[in-house]
Every structure is written in structure tokens, then in C-alpha cells.
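Architecture at a glance
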Amino acid sequence: MDQTTTKQTHDFSQSICMHLGRPCPALSRMLTALAGALDKARPVTSAEFELCGESLLDGCARHCPARFIATHDRIRVFCDVTEATDTEALDLFADTLFQPDSRAFAAAKLHQPPCAMGEALPKPLPQQTTAQTVHPAL
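Quick caveat: nothing in here was measured; it's all calculated off a predicted structure. (Residues numbered from 1 in each chain as written. Predicted model: local features only at pLDDT ≥ 70, side-chain atom pairs only at ≥ 80, totals over all residues. Heavy atoms only, no water.)

Some points on the pattern of salt bridges
Inspection of every chain in the model, using the stated rule, returns nine salt bridges. One salt bridge in this structure joins aspartate 91 and arginine 76, with 3.0 Å as the shortest N-O distance. One end of the pair, aspartate 91, is in helix α3 (residues 87-98); the other, arginine 76, is in strand β4 (residues 75-79), and 15 residues separate them in sequence. Neither residue differs from the other here; aspartate 91 and arginine 76 are each classed as buried. The network of salt bridges with shared partners includes Arg74, Arg76, Asp91, Asp95 and Glu119. (Salt bridge = Lys/Arg side-chain N within 4 Å of Asp/Glu carboxyl O. Helix = DSSP H or I, 4+ residues; strand = E, 2+ residues; numbered from the N terminus. Buried < 20%, exposed > 50% of the residue type's maximum accessible area, 1.4 Å probe, protein only.)

Concerning empty space enclosed by the protein
Under the counting rule described, the total for this entry stands at one cavity of 30 Å³ or more. There is about 40 Å³ of room inside the largest cavity. In this structure, the largest cavity is lined by Cys17, Cys24, Leu57, Cys60, Cys64, Cys79, Cys115 and Ala116. Looking at the lining of the largest cavity, its residues break down into eight nonpolar, no polar and no charged. (1 Å grid on protein atoms, 1.4 Å probe; cavity = no way out; pocket = protein on both sides within 12 Å on 5 of 7 lines; lining within 4 Å. Points joined across faces, edges and corners; volume = space filled by probe spheres on them. Nonpolar A, V, L, I, M, F, W, Y, C, P; charged D, E, K, R; others polar.)

Comments concerning the side chain of serine 15
Within the secondary structure layout, serine 15 lies in the loop between β1 (10-14) and α2 (25-41). Residues in contact with serine 15, not counting those within four places in the same chain, are Pro23, Leu97, Phe98, Ala116 and Met117. (Contact = heavy atoms within 4.5 Å.)

Remarks on the pairing of strand β3 (residues 65-71)
Within β3, six of the seven residues are buried, which leaves it mostly tucked inside the rest of the structure. Sheet analysis places strand β2 (residues 50-56) next to β3, joined by seven bridges and oriented antiparallel. In the sheet register, leucine 56 faces β3, and the bridge partner there is proline 65. As paired strands, β3 and β4 are joined by five bridges and run antiparallel to one another. Along β4, the bridge assignment pairs alanine 70 with isoleucine 75. Between β3 and β4, which pair antiparallel in sequence order, lie three residues. (Pairing = 2+ DSSP bridges.)

A word on the confidence of the model for the chain
Model confidence for the chain is summarised by a mean pLDDT of 83, while 83% of its residues fall at 70 or above. The least confident element of the chain, judged by mean pLDDT, is helix α1 (residues 3-9) at 66; the most confident is β4 at 96. (pLDDT = per-residue confidence, 0-100.)

Focus on α3
Here α3 is twelve residues long and its end C-alpha atoms lie 16 Å apart, about the 16 Å a rise of 1.5 Å per residue gives. Of all the residues in α3, the buried ones are Ala89, Leu90, Asp91, Phe93, Ala94, Asp95 and Phe98. Where α3 is buried, its residues meet β1, β3, β4 and β5 (116-122). (Expected span 1.5 Å × (residues − 1).)

Structure, rendered in C-alpha cells:
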């Protein structure tokens, strides 16, 4: 799935990579791929469907390990974190960056904060108008 298609289905946010000093292109590709996969899986999965795992990001000399958690409600990728890093703490840290109304969470509370992170949120599905809705015969 290409980036144009996923930009129609998801809104993307990404932090600056502390190693590159700019958004990480490998992180962008991973978010795009996960958004495309979840969009394709939507018709055959439940609302509770979750895909999570770890990967190595290619595209820069560091080949950072990345942890991802992808659901139909939200996709997040955390770069250069250890297996021991608490996912709940990572989510609280990401909420501070990506959610304007979240409570503050200091990076110092993480054993190793991510060098970069990204989020993809699904765009609202277009609502059917009354004229498009088919009413069953009574």
C-alpha cells in the first residue's frame, strides 16, 4: 500500500529522531506499512484486533530496534528501546507528545526513552447520508 493511500485513511505524527536530527524515514515507512496492513485487515478482524512486535529499522546506519503496537484505533512505533522498557510507560510518554490534552510524563521516568516515535490514527470513516442508507421494507 502506498503512502498516498494510507494518508487518506490515517493521520500520521512523528517525533524528530535524536540520532538523525530529523524525522526518521524508516519509521515513516514502518508506520505507513502498518497503517496499510490494518486498513486491509479491517473487514476480516474484530475491533479488538492487535498486532504487536519488534523489528529492526533499516534506512540509516543505526538499524535501530523498533517496538510497534498496532490496533484499529491507534498505531505506535517506538525506536531504539530495549525489551525491558515498559510499554505502558512508553504510551504515557507518547501521549504527552501526541495528545494535546494528556497529562505530562517526564522522559526521566523511562529507563531508556525512545530516540524517535511515531503514531498513526485512523481518519473517521465517512458517514452515510440519509439518502445513502437503505431502509428495510416494513
